[in-house]
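Notes for the structure review
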Amino acid sequence: MTISPTELPVLDYLHAQLAGTLAEGQTCQFRYPTAISRTLGIRLAAVVLGRAVVEIDTDPAVHGNQQGTVHGGLLTELADAAIGTAHSTVVGPGESFTSVDLRAVFLRPVWRDTLRAHAYPTHSGRTITHYRCDITRGDGKPVATVTSIVTTLSGERSRGR
């Protein structure tokens, strides 16, 4: 598979996006920011090979559950965004990926705050990678720990994903 001159490797694309140096027309094989990240206001804070940090400003008036705290589904989506971003930096051209497991442990409630989700691999195999994502609030206290198993897809299995 050939890469067009305007298509960058994912990590290069994300670094340029963070630095504000992404040229018009430059792309990568994935969509960044993702539609759900734009909708929720999730933003990329840092990225290196296999690791990513994303953040969001939370408000119970927008992200709240019936108890008035930030909904656990938002925390799970935040972690999934960080994990997906981290994994996108290690797949090759023509490959894609999907989560096969995602588990969240909620540690304390959140109201209005800035949350940071730090995703990193705990085990990497040929096609299966285990990730952990630690979500912290603005004061550095942990909010949730999310683990995920991601599988890399290639060939016909990666088309359309």
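This text goes with the structure placed above it.
These notes cover the structure that comes with them.

Concerning the pairing of strand β1 (residues 43–48)
- Looking at chain direction, β1 and strand β2 (residues 51–58) are connected through five bridges and run antiparallel. Residue pairing across strands places Arg43 opposite Glu55, the latter belonging to β2.
- Once β1 ends, the chain turns through two residues before running back antiparallel as β2, passing Gly50 with a positive phi of about 80°.

Some remarks on the environment of Ala23
- In this fold, Ala23 is placed in the loop between α1 (10–19) and α2 (35–40).
- Residue Ala23 is classed as partly exposed on the basis of its relative accessible area of 39%.
- Each C-alpha atom of the pair Ala23 and Asp113 lies 32 Å from the other, and the pair is 90 residues apart in sequence.

A word on the sheet that holds strand β6 (residues 142–153)
- As summarised here, the arrangement of the six strands in space is β1-β2-β4-β5-β6-β3, forming an open sheet in which the pairing is antiparallel. Taken across any chain shown, the strands that pair with only one partner, and hence form the sheet edges, are β1 and β3 (96–106). With strand direction ignored, the average angle separating the axes of adjacent strands in the sheet is 20°.
- Against the sheet, helix α4 (residues 72–88) touches β1, β2, β3, β4 (113–124), β5 (128–136) and β6, its axis set at about 140° to β3.

Concerning the side chain of Asp59
- Its place among the elements puts Asp59 in the loop between β2 and α3 (60–63).
- Under the relative-accessibility criterion, Asp59 is labelled buried at 17%.
- Within the local environment of Asp59, its side chain forms a polar contact with the side chain of Arg112, the two groups lying 3.1 Å apart.
- Apart from residues lying up to four places away in sequence, Asp59 is in contact with Gly64, Trp111 and Arg112.

Quick notes on the rules
- Residues numbered from 1 in each chain as written.
- Predicted model: local features only at pLDDT ≥ 70, side-chain atom pairs only at ≥ 80, totals over all residues.
- Heavy atoms only, no water.
- Pairing = 2+ DSSP bridges.
- Helix = DSSP H or I, 4+ residues; strand = E, 2+ residues; numbered from the N terminus.
- Buried < 20%, exposed > 50% of the residue type's maximum accessible area, 1.4 Å probe, protein only.
- Axes fitted to C-alpha atoms, helices over the stretch in contact; angles between N-to-C directions.
- Contact = heavy atoms within 4.5 Å.
- Polar contact = N/O pair within 3.5 Å; in protein donor to acceptor, adjacent residues only side chain to side chain.

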